[in-house]
Amino acid sequence: NSLIGEIDHMLRNLSGTGDSIRGTASSFLDYGDLGREALLVERWDEYYSSLDKHQQGEQLAFLIFLANQILQSGTKRKCWGNFAKAFMKVLPRAFQKAGASSHALLRSQAIKILNIWKDSKLFDLQFLNQLQSNFDSAKDENPEDMVPENFAPPPKEMVDFATTYNELASWVEKTESKERKVQELNGTGRDSELQAAISDLDKALRTQSHHRVNFLQALSEVFTLMDNTQMKFMIAYRRINNLLEKIEKNEREFM
């Protein structure tokens, strides 16, 4: 249904930025107050399971960030208890996957989050020890998956490039949705709704423009790194260029 589609859309666009994590957590909590906690956590779990092996490391880290934000910021919401119960069903498997992963960010952040939960007593000690045990046992059983000694994380410029691209692409979708709303209301005589929709579109375009500037800055910094990776960027160039052309066209038409 439409709710599942919206949940999946939010998860697909989840990134590791604070804005992305906080915004998605806020939406989950709002839906949770409507009694959809179990469905939300079920989609959280199924989304991770649907990813291929190369995507799972980073995305599971983001999903654990999201779970932490929901559980930490929603303690006073009526849906918190149901969210906690639902997450207790899926977190043991998630931490087992994290322990078996060779992804440096995932492994380090999973332990960081677990320590935060221990300090804040978010869950009872028995459950937290279970998460720790699942993480440690998976690590011990899969020594070949450990991070190699010569592992080097991607340069900051590459991380910024990926993050700003995802944020920009997300805002392009939001802006297009608001454009369609304006077009639907235009000529209907519902002037107050039309003005509100135009105001929303204007705000979205300005935010999109801000993300476009950030992305172009990140892109320029990435190009300074080019050597053996140049071919990969050139393959992606057409897709990036098409996105930027679409953005500039929208901004010319509506701003």
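Given the structure is predicted, the values throughout are model-derived calculations rather than measurements.

## A closer look at the overall build of the protein
Line of reasoning, step 1. Per the secondary structure count, the protein includes 10 helices and zero strands.
Line of reasoning, step 2. Each helix (α) and strand (β) of the protein, taken in turn from the N terminus, gives the series α-α-α-α-α-α-α-α-α-α.
Line of reasoning, step 3. Taking all 255 residues of the protein together, 40% fall into the buried category.
Line of reasoning, step 4. Within the protein, counting contacts between residues at least 6 apart in sequence, those at least 24 apart form 75% of the total.
Line of reasoning, step 5. Of the roughly 14,600 Å² of accessible surface on the protein, a fraction of 49% belongs to carbon and sulfur atoms.

## Looking at the packing of helix α1 (residues 2–12) against helix α2 (residues 18–32)
Line of reasoning, step 1. Relative to each other, α1 and α2 sit at 160°, their axes nearing to 10 Å. As the angle between them shows, α1 and α2 are arranged roughly antiparallel. At the point where α1 passes α2, the crossing takes the left-handed sense. The segment α1 lies against α2, with Leu3, Glu6, Ile7, Met10 and Leu11 engaging Thr24, Ser27, Phe28 and Tyr31.
Line of reasoning, step 2. Each residue belonging to the contact of α1 with α2 can be placed in one class, and the counts come to six nonpolar, two polar and one charged.

## Overview of the packing of α1 against helix α3 (residues 37–50)
Line of reasoning, step 1. Running from N to C, α1 and α3 point in directions that differ by 50°, and their axes come no closer than 10 Å. Taken as axis vectors, α1 and α3 run oblique relative to one another. The two elements α1 and α3 meet at a crossing, and its hand is right-handed. Contacts between α1 and α3 involve Leu3, Ile4, Ile7, Asp8, Leu11 and Arg12 from the former and Leu39, Leu40, Arg43, Trp44 and Tyr47 from the latter.
Line of reasoning, step 2. Among the residues making up the contact of α1 with α3, the classes are represented as eight nonpolar, no polar and three charged.

## Comments concerning the environment of Phe83
Line of reasoning, step 1. For Phe83, the location among the structural elements is in helix α5 (residues 80–100).
Line of reasoning, step 2. On a C-alpha basis, the gap between Phe83 and Leu29 in space is 8.8 Å, while along the polypeptide they are 54 residues apart.
Line of reasoning, step 3. The residues contacting Phe83, other than those within four sequence positions of it, are Phe28, Leu29, Gly32, Glu37, Leu40, Val41, Ile70 and Leu71.

## Structural notes on the pattern of salt bridges
Line of reasoning, step 1. On inspection of all chains with the given rule, the structure shows seven salt bridges.
Line of reasoning, step 2. For the salt bridge of Asp19 with Arg22, the shortest nitrogen-to-oxygen distance reads 3.0 Å. Pair noted here: Asp19 and Arg22 are both in helix α2, with a separation of three residues, about one helical turn.
Line of reasoning, step 3. Here Arg22 falls in the partly exposed class, since its relative accessible area comes to 47%.

Each value, and the rule that gives it
- Per chain, residue numbering runs from 1 following the sequence as it is written.
- Local features in this predicted model are restricted to residues whose pLDDT is 70 or higher, and side-chain atom pairs enter the listing and the counts only when it is 80 or higher, whereas totals over whole chains, interfaces and linings include all residues.
- The side-chain numbers reported here are obtained from all heavy atoms of the structure, hydrogens and water having been left aside.
- Per the convention used, a helix needs a DSSP run of H or I reaching at least four residues, while a strand needs a run of E reaching at least two, with both numbered from the N terminus.
- Think of it in three bands: with a 1.4 Å probe and only protein chains considered, a residue is buried below 20% of the maximum accessible area for its type, exposed above 50%, and partly exposed in between.
- Contact criterion: two residues are considered in contact whenever any of their non-hydrogen atoms come within 4.5 Å of each other.
- In these tables, accessible area is a Shrake-Rupley quantity obtained with a 1.4 Å probe, and a residue counts as shielded only by the protein chains included in the view.
- Angular values range over 0 to 180 degrees, each being the angle between N-to-C directions of two axes fitted as lines to C-alpha atoms, with helices fitted over their stretch in contact.
- When describing relative orientation, an angle under 35 degrees is termed roughly parallel and one over 145 degrees roughly antiparallel, while 65 to 115 degrees is termed roughly perpendicular and anything else oblique.
- In this scheme the crossing of two helices becomes right-handed for a clockwise turn of the near helix relative to the far one and left-handed for an anticlockwise turn of less than a right angle.
- Polarity classes work like this: nonpolar for Ala, Val, Leu, Ile, Met, Phe, Trp, Tyr, Cys and Pro, charged for Asp, Glu, Lys and Arg, and polar for all others, with Gly in that last group.
- Any Lys or Arg side-chain nitrogen found within 4 Å of a carboxyl oxygen on Asp or Glu counts as a salt bridge.

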